[in-house]
Amino acid sequence: MAWVTGHQLRLYNSLGRRTEDFTPAADVVGLYSCGPTVYSFPHLGNMRPYVFADTLRRALRWKGIPFRQVVNITDVGHAVADSDTGEDKLEVAAARERRSVEEIAALYTNAFFTDLAALNVLPADEYPRASEYVEQMIAFAERLEELGFTYQLPSGLYFDTSKSPGYGTLALLDLAGQRETGRVEHVEGRKHNSDFALWRAEEPGVRRVMRWNSPWGWGAPGWHLECSVMSMALLGEHFDIHTGGVDHRELHHVNEIAQSEAFLSDGRPWVPYWLHNEFLLLNNAKIAKSAGPVPRLADLVEAGYHPMAYRLFLLGGHYRSQLDFTTGAMDGAQATLRRLIARVAPLRPLPHVETLAGARAQLSASAVTAVGAAAAASAAAEAGAAADATVTRDVVDDKTALAYVEAIDAAIANDLATPKLLATLQEALRDPDISPEGLRVVVAAADALLGLRLADLDPAEVDQRRPATDLAPEQVQAIERLVAERTQARKEKNWSRADEIRAELDALGVQVTDTPTGPTWQLR
Ligand code: AMP
Ligand code: ZN
């Protein structure tokens, strides 16, 4: 049996906070990954959850477990500061950028897809838009109302968390404490601080841009509702795995669980496995859009890093570890990627491998041939002829490669231990005892899980650092002066001045990237 399935896939479940055997409940695993709010460019931290979810789905594929993945696009409902009464993030962005909300959603959804593709994240089966599910969200909230889980206030319809047994288990919340102190936002009439809006009604005299009519008046859905509704619509009422950034473990997912279990009222946990990635940090703080300009993948590319170097940087840490984004770490990742591609390129074309079974079949097929050849050789030896040394070595080589494939399987099965997987790949690449054929299979197997494009990435593409070309020395000095002024303004937290200077630099065709060791700049 172990031969068929390999190492048992074990995942760290935030629900219970322990590593558990992953046992799918259905024939097709339902995987829901909370998607982006499309009101600005995704920053580097925002992309970590999708590289992590991609690793998870590659692990499922590797194990031959059928799955269906849904990633939502939040284009309505997410209020500023995750609050219940504030303006929608998209509406604020539309006003700021003097565009329509539709244009904002389209622009930043595209930017998200561009980054996903650049990071070689395999496409999900569905990318539902929240704005297309508002009718279902209203119906869902109506059902909660019928079941007695809600109360209505002038500001909207609220979920009464005191009616939800086990509210906050995911976040390890002390229920009474959470109800008292959980949220700071004051909402007139709200019974408990943890109660959250299912429907956000328009204030008298204030007309939202995105608005729908509902039994609780004109308004917009609460943020948490969309994920419960869209996941159930596309994956069924119960499904296996829900993922997101670790911040979601504390609020968004807590509320998704409360309303979904209330809606289903079947006494079963809604989703059994909850997986969360840790944050990407910059200067020891979470990278957050609200803290001012934040580095994007495009900034890295401008600065000469390949997107696969960023993917490698992420995979070099475990998804549950915080990762510090530094220039040194990115330089390291870029150098490792360069060496890796240079080492792998001569082995191409790599065989097609997606699954453990496939990798084993390729190796055992050659092992069978080799064993046959070895038997023939030993028969020849018995007959007095010299044994063919190369044939004998082939047998050993295949076993060596097979051992690496098993080690790769052990690493991914151990809660997606990508650092260990990378180390195993490097070890195989250095191993003098592995045959070129075996190594090809090992590299292809590792990359089926890592997704670093080891089969096709052009070594020349990896390094495209753009020099500051033919600028006159005075021009370079002027640019450096502006960059230094901007750094000073940022130090003094004079954000408006810093933004002005960035705009000036922009106009000069200069792209500034902020790194923990100071800004770097490139010409566009
Ligand atoms: P948002 O677009 O703000 O809804 O966030 C999209 C995803 O990015 C969510 O799963 C967040 O938890 C995640 N996220 C936000 N900031 C970071 C960060 N610095 N590191 C890792 N994940 C993050
Ligand atoms: Zn969500």
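Look above for the structure.
From a predicted model like this one, the values you see are computed outputs, not experimental measurements. (Residues numbered from 1 in each chain as written. Chains lettered and ligands numbered in written order. Predicted model: local features only at pLDDT ≥ 70, side-chain atom pairs only at ≥ 80, totals over all residues. Heavy atoms only, no water.)

**Notes on the overall build of the chain**
Secondary structure assignment for the chain yields 18 helices and 15 strands. For the chain, with 524 residues in total, the buried portion stands at 52%. Counted over contacts in the chain with a minimum sequence separation of 6, partners at least 24 positions apart contribute 75%. Working note: accessible area of the chain is about 22600 Å², and carbon and sulfur atoms make up 54% of it. (Helix = DSSP H or I, 4+ residues; strand = E, 2+ residues; numbered from the N terminus. Buried < 20%, exposed > 50% of the residue type's maximum accessible area, 1.4 Å probe, protein only. Contact = heavy atoms within 4.5 Å. Areas by Shrake-Rupley, 256 points an atom, 1.4 Å probe, with all protein chains shown as cover.)

**Considerations on the sheet that holds strand S9 (residues 241–245)**
One open sheet accounts for 4 strands, arranged S4-S3-S9-S10; its pairing is parallel. One side of each edge strand has no neighbouring strand; the edge strands of this open sheet are strand S4 (67–71) and strand S10 (273–277). In this sheet, adjacent strand axes meet at a mean angle of 20° when their direction is disregarded. As defined by bridge partners, strand S3 (residues 29–33) adjoins S9 across 3 bridges and the pair is classed as parallel. By the bridge assignment for S9, Ser-33 is matched with Thr-243. (Pairing = 2+ DSSP bridges. Axes fitted to C-alpha atoms, helices over the stretch in contact; angles between N-to-C directions.)

**Considerations on the coordination of the zinc ion (ligand 2)**
For the zinc ion (ligand 2), the full set of protein donor atoms is Cys-34 (SG), Cys-227 (SG) and His-252 (NE2), and the range of their distances to it is 2.0 to 2.1 Å. If you list the donors of the zinc ion (ligand 2) from N- to C-terminus, the spacing comes out as C-x192-C-x24-H. In this pair, Cys-227 is assigned in helix H7 (residues 225–235) and His-252 in helix H8 (residues 252–264), connecting sequence segments 25 residues apart. For the pair shown, Cys-227 and His-252 are each scored as buried. (Donors = N, O, S within 2.8 Å, 3.2 Å for Na, K, Ca; no water.)

**Topic: the nonpolar core**
For soluble globular proteins, nonpolar side chains are generally found buried alongside one another. Among the nonpolar cores identified, the biggest contains 132 residues, and Trp-62 and Tyr-310 are the most heavily contacted of them. Every residue in contact with Trp-62, bar those within four places of it in the chain, is listed here: Val-353, Glu-354, Thr-355, Leu-356, Ala-359, Val-405, Ile-408, Asp-409, Ile-412, Ala-445 and Leu-449. (Core = buried A, V, L, I, M, F, W, Y, C linked by side-chain atoms within 4.5 Å.)

**Let's talk about the pattern of salt bridges**
Counted under the stated rule, the structure contains 22 salt bridges. Its salt-bridge partner being Arg-200, residue Asp-88 comes within 2.6 Å of it at the nearest N-O pair. Here Asp-88 is found in the loop between S4 and helix H3 (89–97), whereas its partner Arg-200 is found in strand S7 (residues 196–201), with 112 residues between them in sequence. The exposure class of Asp-88 is buried, given its relative accessible area of 0%. Note that Arg-143 and Glu-146 form a salt bridge whose closest N and O atoms lie 3.1 Å from each other. (Salt bridge = Lys/Arg side-chain N within 4 Å of Asp/Glu carboxyl O.)

**Focus: the packing of helix H2 (residues 44–62) against helix H10 (residues 307–315)**
Axis separation between H2 and H10 bottoms out at 10 Å; the angle between their running directions is 75°. Considered as vectors, H2 and H10 are oriented roughly perpendicular to each other. On H10, the residues that touch Leu-44, Gly-45, Arg-48, Val-51, Asp-54, Thr-55 and Arg-58 of H2 are Tyr-310, Arg-311, Leu-314 and Leu-315. Its residues placed into classes, the contact of H2 with H10 shows 5 nonpolar, 2 polar and 4 charged. (Parallel < 35°, antiparallel > 145°, perpendicular 65-115°, else oblique. Nonpolar A, V, L, I, M, F, W, Y, C, P; charged D, E, K, R; others polar.)

**A look at H7**
Working note: α-helix, 3.6 residues per turn, so residues spaced by three or four point in the same direction. Most of H7 is tucked away, with 10 of its 11 residues classed as buried. Among the residues making up H7, those that are buried are Leu-225, Glu-226, Cys-227, Ser-228, Val-229, Met-230, Ser-231, Met-232, Leu-234 and Leu-235.

**A short note on empty space enclosed by the protein**
Taken as a whole, this structure holds 4 cavities of 30 Å³ or more when the rule is applied. Each pocket or cavity is described by its volume, and for the largest cavity that value is around 100 Å³. Listed by contribution, the elements that provide at least two residues to the lining of the largest cavity are H2 and H10. The element that contributes the greatest number of residues to the lining of the largest cavity is H2, accounting for 4 residues. Here the residues of the lining of the largest cavity sort into 6 nonpolar, 4 polar and 1 charged. (1 Å grid on protein atoms, 1.4 Å probe; cavity = no way out; pocket = protein on both sides within 12 Å on 5 of 7 lines; lining within 4 Å. Points joined across faces, edges and corners; volume = space filled by probe spheres on them.)

**Description of the packing of aromatic side chains**
As enumerated under the stated definition, the model contains 16 aromatic pairs in all. Between the aromatic rings of Phe-159 and Phe-196, the centroid separation amounts to 5.1 Å while the plane-to-plane angle is 20°, which identifies the pairing as stacked. Separated by 37 residues along the polypeptide, Phe-159 in strand S6 (residues 156–159) and Phe-196 in strand S7 bring together distant segments of the chain. Pair check on accessibility: Phe-159 and Phe-196 agree, each one buried. Members of the aromatic cluster, connected to one another through ring pairs, are Tyr-32, Phe-239, Trp-270 and Trp-274. In this arrangement the basic side chain of Lys-191 is found over the ring face of Tyr-151, its NZ or CZ atom lying 4.5 Å from the centre. Seen from the ring of Tyr-12, Arg-320 lies directly overhead, with NZ or CZ sitting 3.8 Å from the centre. (Phe/Tyr/Trp six-rings, centres within 6.5 Å; stacked < 30°, edge-to-face > 60°. Lys NZ or Arg CZ within 6 Å of the ring centre and 35° of its normal.)

**Quick notes on the sheet that holds strand S13 (residues 323–324)**
Within the open sheet, the 3 strands sit side by side as S12-S11-S13. Their pairing is mixed. Strand pairing shows two members of the sheet lacking a second neighbour, strand S12 (285–286) and S13, which therefore form its edges. Across 2 bridges, the pairing between strand S11 (residues 280–282) and S12 is antiparallel. Residue pairing in the sheet places Leu-281 in a bridge with Lys-286 of S12.

**Let's talk about helix H5 (residues 134–146)**
Given a rise of 1.5 Å per residue, 13 residues ought to cover 18 Å, and the 18 Å separating the end C-alpha atoms of H5 matches this to within 8%. Among the residues of H5, those classed as buried are Val-134, Met-137, Ile-138, Phe-140, Ala-141 and Leu-144. Taken end-on, H5 shows its buried residues confined to a sector of 160°, consistent with a single buried face. Set apart from the buried face of H5 by more than 90 degrees, the exposed residues are Glu-135 and Glu-146. Contacts from the buried residues of H5 go to strand S5 (150–153), S6, S7, strand S8 (219–221), H7 and H8. (Expected span 1.5 Å × (residues − 1). Arc of directions from axis to C-beta.)

**Notes on the site of ligand 1**
The environment of ligand 1 is formed by 17 residues, the closest being Thr-37, Gly-245, Asp-247, Leu-280 and Ile-287. Measuring from an oxygen atom of ligand 1, one finds a backbone N or O atom of Thr-37 at 3.0 Å. Within the backbone of Ile-287, an N or O atom sits 3.1 Å from a nitrogen atom of ligand 1. Summarising the interface, the protein chains cover 94% of the accessible area of ligand 1, which totals 500 Å² for the free molecule. (Near = heavy atom within 4 Å. Polar contact = N/O pair within 3.5 Å; in protein donor to acceptor, adjacent residues only side chain to side chain.)

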